[in-house]
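A look at the structure
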Amino acid sequence: MKRAFWGALALLCGLALFCLPAAARAELPDVSEPLEAFYAALPESLRDSLPPALLDGGMPNADALREAASLPALLARMRDVLADALPGAGRLLLRIALCLLFAAMLESVCDAVSAGSLGEMARFCCRLCLGGVLLEAQLAQLNLVTACLRQLQLVVNAMLPVLAAVLSAGGSTGTAAASCGALMLFLNLGENLCGSFFLPMIASAYGLAAAAWLSSGGRLGGLLRALKRIIAWSMGMFGTVFSAVFAFQTILAAGADSVAVRGIRFAVGSAVPVLGNVIGETVRTAATGLRYLKDTVGLMGILLLVLLVLPPMIGLFMHRAVLMLAESAAEVLGGDGERRLLGEFASVSGLLFGLLVGAVLCFIFALVLLVRISLGVGA
Amino acid sequence: MREMDSFKLCAAAFLCTVVIVAVRQYRQDFALTARMAATVILLSFSAALLTPTLRWLEQIGGEAFDSASAGVLWRALAIVCLVRVCSAFCRDCGEPGVAACLEFAGKAELMLLCIPLLERLLQAVRTLAAW
């Protein structure tokens, strides 16, 4: 009787094993909500220039991303931006050239009539006119860079939850905490530094250059050079420190996550009979999908940052080119003071360009690092 | 400047000088009037030569050069030329005091012209300082 009972029980268990299959599925985490929020944080002009299918059902579309990141698409975008920036640059160059031409004409007339101190006053009038034109142009550039840095901060802020979600789903909780924490710290620090230090220092450099030229004394040249060196050194220092700290924290955290998750996988595989290996294979399958998602989100972030900063970068580049051309024109027309002023303004505009490029490169470096590191699950 | 205009200008200047020398020889009291007339004629000739240049600059400037700045610079140029020529005339007539006062008045007028440009510059500097 007992034997029959145990035999029937064993048969029942065997039948149950065949009738109740357990399926293991690997599903990607749902990051559609943070992605939609990130997409909404982008400026409208940038969103309009992207392919509509970039976010397909709230998830990044790899084909649309490949199309948007292709060389023809990027060159077309650069061409459009250049076409928008050229008329403004041309008008500025014409205004400066007319001021220089007038100054040269006045110089020759004053020499012809031996105007003396009367000629000095008239030349001062010319200098005021040129100084006004140039300072107004520099103010426009400062406004452009300030607006761009603000937009950059908003976009990166919106990107952080997406990155954190993808990294955490892949078992890289340490990496998510370390990298997103470092990025957030850099964002706050960068915002304060740009607003309270870099931009006011660059504005002071413009003012100092104009004052040095108007006074014609040449005593402020040393102060201006020192100021430019301080700005350049500070920017380089900040970029280097951020890159180093971010790289160390992210790589170390990624290594720790990888060790932790592999340890757990080994323990599960050894301790759970039969199903232990199935669980391990399922996790590996999920990891491939997660890596694909991480890379796509990271690359989309890099592309969007580049497209966001392209118009102000090209605008600044054109502006600097105009100042350098005008400097050559001043040399040809024999205006030494005008040549020095235009040279100084071109040099300070270079610092402004460096500030913008440095900020976006730091963010791109962070995203590239996050794309390159492996997830904790081993993908 | 066309070549014929240069010839005309040189011929006019030569003629004026000859007339003034002749008048000074025969009627000393009319010499000043003759000198004044010669100065006005030559100055008008020069202004007529400059007019196409000014019109050309205005044309190529167009919207790029705002009319306020352009107006100030043209007036500055005109003041320098006029005041300098008149003060030289006064000195030639033996009145350096009058010439000095005229030049001082010219500088004061130029300073008045600078005021709108200075205001524009100061506004830009104030905006930079508030950054």
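Residues numbered from 1 in each chain as written. Chains lettered and ligands numbered in written order. Predicted model: local features only at pLDDT ≥ 70, side-chain atom pairs only at ≥ 80, totals over all residues.

1. A word on the overall build of chain A
Looking only at helices and strands, chain A has 10 helices and two strands in total. Along chain A, helices and strands appear, N-terminal first, in the series α-α-α-β-β-α-α-α-α-α-α-α. The buried share of chain A, reckoned over its 379 residues, is 36%. Of all intrachain contacts in chain A linking residues separated by at least 6 positions in sequence, the fraction that spans at least 24 positions is 80%. (Helix = DSSP H or I, 4+ residues; strand = E, 2+ residues; numbered from the N terminus. Buried ≥ 20, exposed ≤ 12 C-beta atoms within 10 Å, placed from the backbone. Contact = placed C-beta atoms within 7 Å.)

2. Looking at the overall build of chain B
Counting its regular elements, chain B contains four helices and zero strands. Seen in sequence order, chain B has helices and strands lined up from the N terminus as α-α-α-α. Each of the 131 residues in chain B was classed as buried or not, and the buried ones make up 18%. Sequence separation of 24 or more characterises 50% of the internal contacts of chain B that already satisfy a separation of 6 or more.

3. A closer look at the domain arrangement of chain B
All names here are of chain B. Considered domain by domain, chain B is made up of domain 1 (1-62) and domain 2 (66-131). Taken together, the five residues of domain 1 in the interface contact five residues of domain 2. Considering only residue class, the side of domain 1 that touches domain 2 consists of three nonpolar, two polar and no charged. (Domains from an automatic or database assignment. Nonpolar A, V, L, I, M, F, W, Y, C, P; charged D, E, K, R; others polar.)

4. Remarks on the interface of chain A and chain B
In this complex, chain A contributes 31 residues to the contact, which on the side of chain B involves 31 residues. The set of elements that each furnish at least two residues to the side of chain A that touches chain B consists of α5 (71-112), α6 (117-169) and α7 (173-215) of chain A. Sort the elements by how many residues they give to the side of chain A that touches chain B and α6 of chain A lands first, with 16 residues. Residues that form the side of chain A that touches chain B fall into these classes: 23 nonpolar, five polar and three charged.

5. Brief notes about the confidence of the model for chain B
All names here are of chain B. Taken residue by residue, chain B gives an average pLDDT of 82. The fraction at 70 or more is 89%. Taking the mean pLDDT of every element in chain B, the minimum, 79, falls on helix α2 (residues 31-61) and the maximum, 88, on helix α4 (residues 96-129). What the predictor reports for the complex is a pTM of 0.78 with an ipTM of 0.76. (pLDDT = per-residue confidence, 0-100.)

6. Regarding the nonpolar core
Counting residues in hydrophobic clusters, the biggest one holds 106 residues, and the most contacted among them are A122 and C125 of chain A. The biggest single contributor to this core is α6 of chain A, with 25 residues. (Core = buried A, V, L, I, M, F, W, Y, C linked by C-beta atoms within 7 Å.)

7. Here's the deal with α4 of chain B
Residue and element names in this part refer to chain B. Helix length check: α4 (34 residues) gives 46 Å between terminal C-alpha atoms against 50 Å at 1.5 Å per residue, within 8%. Within α4, the axis deviates most sharply at I115, by approximately 35°, and proline P116 lies no more than four positions further along. Taken residue by residue, α4 has L102, G106, L110, L113, C114, L117, R120, L121, A124 and L128 as its buried positions. (Expected span 1.5 Å × (residues − 1). Bend = angle between axes of the 7 residues up to and from the residue.)

8. Here's the deal with the environment of A97 of chain A
Residues and elements named next belong to chain A. Structurally, A97 can be placed in helix α5. Each C-alpha atom of the pair A97 and L333 lies 10.0 Å from the other, and the pair is 236 residues apart in sequence. Aside from chain neighbours lying at most four places away, what touches A97 is A326 and A329.

9. Remarks on the confidence of the model for chain A
On average, chain A scores 79 in pLDDT, and the residues at 70 or more come to 82%. The least confident element of chain A is strand β1 (residues 55-56) of chain A, whose mean pLDDT is 61; the most confident is α5 of chain A, at 86.

10. Here's the deal with the packing of α6 of chain A against α7 of chain A
All names here are of chain A. In the contact formed by α6 and α7, the axes pass within 10 Å of each other and the chain directions differ by 180°. As far as their axial angle goes, α7 and α6 are roughly antiparallel. Classifying every residue of the contact of α6 with α7 gives 20 nonpolar, eight polar and two charged. (Axes fitted to C-alpha atoms, helices over the stretch in contact; angles between N-to-C directions. Parallel < 35°, antiparallel > 145°, perpendicular 65-115°, else oblique.)

11. Section: the packing of α5 of chain A against α6 of chain A
Helix packing for two helices is described by the angle between their axes and how far apart those axes are. All names here are of chain A. Viewed as axis vectors pointing N to C, α5 and α6 meet at an angle of 170°, and their least axial separation amounts to 10 Å. In terms of orientation, α5 lies roughly antiparallel with respect to α6. Packed against α5, whose contacting residues are L92, R95, I96, C99, F102, A103, L106, E107 and C110, the element α6 presents G119, A122, R123, C126, C129, L130, V133 and A137 at the interface.

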